[in-house]
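Structural overview for review
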Amino acid sequence: MLSAGAPVEERRLDLNPGWRNASDEVDFPQGPLHLKAAVSLPFHTSVYDPGSPFDCKTLPEHPRARELRDVWTALPHDGIHTGIQLGGYAADENDVEDPSVAAGREAARREKRGERSPAEPGVHPEDWVCLAQWEHSLRGLEAAFYSWSISRQDLAARRFDRVYATMTWNP
């Protein structure tokens, strides 16, 4: 929102930016996709709790989540959450909070600021789930997670225009 009388100028919009070849840009690999069934367990160990240390508290419904995660990662398997995952539990580089709930909280903040159309009444960040997630091994972005989250209500109504995309990265 601008104040009355604030100076403004028109910007040139580049709808077809060329390849910039910046140091943080990478070539994405191309090739066939393969389907693999895998177990999806929650990797987060806490929930958002403003005012608590680090604004988080241990999952009330599962106080031993960290132990479960540690045991699961010690088991031999081809990897946890690698490639493109559809549904299940999302992961992030911190393993602290459910990334889908964090996306729901960020979407709610954007709605409050008028940057996103409002959700239907009664939708809370805890109602958000992982629609898809991409974990890769791209050089230079090894710990990046791309996630697409949606509220359960929007998923049930097939309102995929309400999907919220996030990327977490711990370089």
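Starting afresh in each chain, residues are numbered from 1 along the sequence in its written order. The predicted origin of the model limits local features to residues at a pLDDT of at least 70 and limits the giving and counting of side-chain atom pairs to 80 or more, whereas totals for whole chains, interfaces and linings rest on all residues. As a convention, hydrogens and water are excluded, and side-chain values are obtained from all of the structure's heavy atoms.

**Details of the sheet that holds strand β6 (residues 164–169)**
Quick reminder of the rule: Two strands qualify as a pair provided that DSSP identifies no fewer than 2 bridges between them. Under the DSSP-based scheme used, a helix requires at least four consecutive residues in state H or I and a strand at least two consecutive residues in state E, with every element numbered from the N terminus. Whenever a helix is involved, its axis is fitted only over the stretch in contact; in every case the axis is a line through C-alpha atoms, and angles between N-to-C directions fall within 0 to 180 degrees.
Pairing is antiparallel across the open sheet formed by four strands, whose spatial order is β3-β4-β5-β6. Of all strands in the sheet, those bounded by a partner on one side alone are β3 (83–86) and β6. Between one strand axis and the next, the sheet turns through 25° on average, direction left out of account. As defined by bridge partners, strand β4 (residues 128–135) adjoins strand β5 (residues 144–151) across seven bridges and the pair is classed as antiparallel.

**A word on a nonpolar patch on the surface**
Counted only if it meets this: Residues enter patches when they are more than 30% accessible in relative terms and free of salt bridges; like-charged ones are connected within 9 Å and nonpolar ones (Val, Leu, Ile, Met, Phe, Trp, Tyr) within 5 Å. Per-residue accessibility takes into account occlusion by the displayed protein chains alone, with areas from the Shrake-Rupley method and a 1.4 Å probe. Basic side-chain nitrogens of Lys or Arg form a salt bridge, by our definition, when they fall within 4 Å of a carboxyl oxygen of Asp or Glu. Only protein chains enter the accessibility calculation, which uses a 1.4 Å probe; a residue is then buried when its area is under 20% of its type maximum, exposed when over 50%, and partly exposed in between.
A grouping of L33, I84 and L86 is seen on the molecular surface, where their side chains present a nonpolar patch of about 400 Å² in accessible area. Inspection of the secondary structure puts I84 in strand β3. Taking the relative accessible area as the measure of exposure, I84 reaches 53% and is therefore exposed.

**Observations concerning helix α2 (residues 99–112)**
We count it as follows: What a helix is expected to span follows from its residue count: subtract one and scale by 1.5 Å. Any pair of N or O atoms that falls within 3.5 Å is considered a polar contact. Within protein, one atom must be able to donate a hydrogen and the other to accept it, and sequence-neighbouring residues count only if both atoms are side-chain atoms.
Taking 1.5 Å per residue as the helical rise, α2 with its 14 residues ought to reach 20 Å, and the 20 Å between its terminal C-alpha atoms agrees with that figure. For α2, the set of buried residues is P99, S100, V101, A103, G104, R105 and A107. Its side-chain oxygen at 2.9 Å from the backbone nitrogen of S100, D98 defines the N-terminal cap of α2.

**Examining the nonpolar core**
Put simply, the test is: Among buried residues, those of type Ala, Val, Leu, Ile, Met, Phe, Trp, Tyr and Cys that are joined through side-chain atoms within 4.5 Å constitute a nonpolar core. Throughout, a contact is declared for two residues whenever any of their heavy atoms are within 4.5 Å.
By size, the foremost hydrophobic cluster in this structure holds five residues: A103, A107, V123, W128 and Y164. In this view, Y164 contacts A103, E106, A107, R110, R116, W128, S147, W148 and S149; residues no more than four positions away in its chain are not counted.

**Things to note about the confidence of the model for the protein chain**
Heads up, the condition is: The quantity called pLDDT is the predictor's confidence in a given residue, expressed from 0 to 100.
Confidence along the protein chain averages 78 in pLDDT terms, with 76% of residues attaining 70 or more. The secondary-structure element of the protein chain with the lowest mean pLDDT is strand β1 (residues 46–48), recorded at 69, while helix α3 (residues 152–156) shows the highest, at 95. Note that residues 19–23 has pLDDT below 50 and, in this model, four contacts with residues that lie over four places away or in other chains.

**Concerning the pattern of salt bridges**
Throughout the structure, instances matching the rule amount to nine salt bridges. Among the ionic pairs, R162 bridges to E111, the shortest N-O distance being 3.1 Å. Residue R162 is found in the loop between α3 and β6, and its partner E111 is found in helix α2; the two are separated by 51 residues along the sequence. Of the residues examined, R162 reaches a relative accessible area of 7% and is grouped as buried.

**Structural notes on the environment of D98**
With respect to the helices, strands and loops of the structure, D98 is situated in the loop between β3 and α2. The class of D98 is buried, set by a relative accessible area of 13%. D98 sits 56 residues away from P42 along the chain, and the two C-alpha atoms are 7.6 Å apart. A distance of 2.9 Å separates a polar side-chain atom of D98 from the backbone nitrogen of S100.

**Some details on the side chain of S147**
As for its placement among the helices and strands, S147 is situated in strand β5. Within the local environment of S147, its side chain forms a polar contact with the side chain of Q133, the two groups lying 2.8 Å apart. If we skip the residues at most four places from it in the chain, S147 touches A132, Q133, Y164, A165 and T166.

**What about unusual backbone geometry?**
Both trends apply: most residues other than glycine have a negative phi, and most peptide bonds are in trans. Within the chain, R158 stands out as a residue other than glycine whose phi angle is a positive 60°. Of note, R158 is situated in the loop between α3 and β6. Residue classification places R158 among the exposed residues on the basis of a relative accessible area of 68%.

**Re the environment of V129**
Within the element layout of this structure, V129 appears in strand β4. Judged by relative accessible area, V129 falls into the buried class, the value being 17%. Along the chain, V129 and S151 lie 22 residues apart, while their C-alpha atoms are 6.1 Å from each other. The contacts of V129, once residues within four sequence positions are left out, are S100, W148, S149, I150, R152 and L155.

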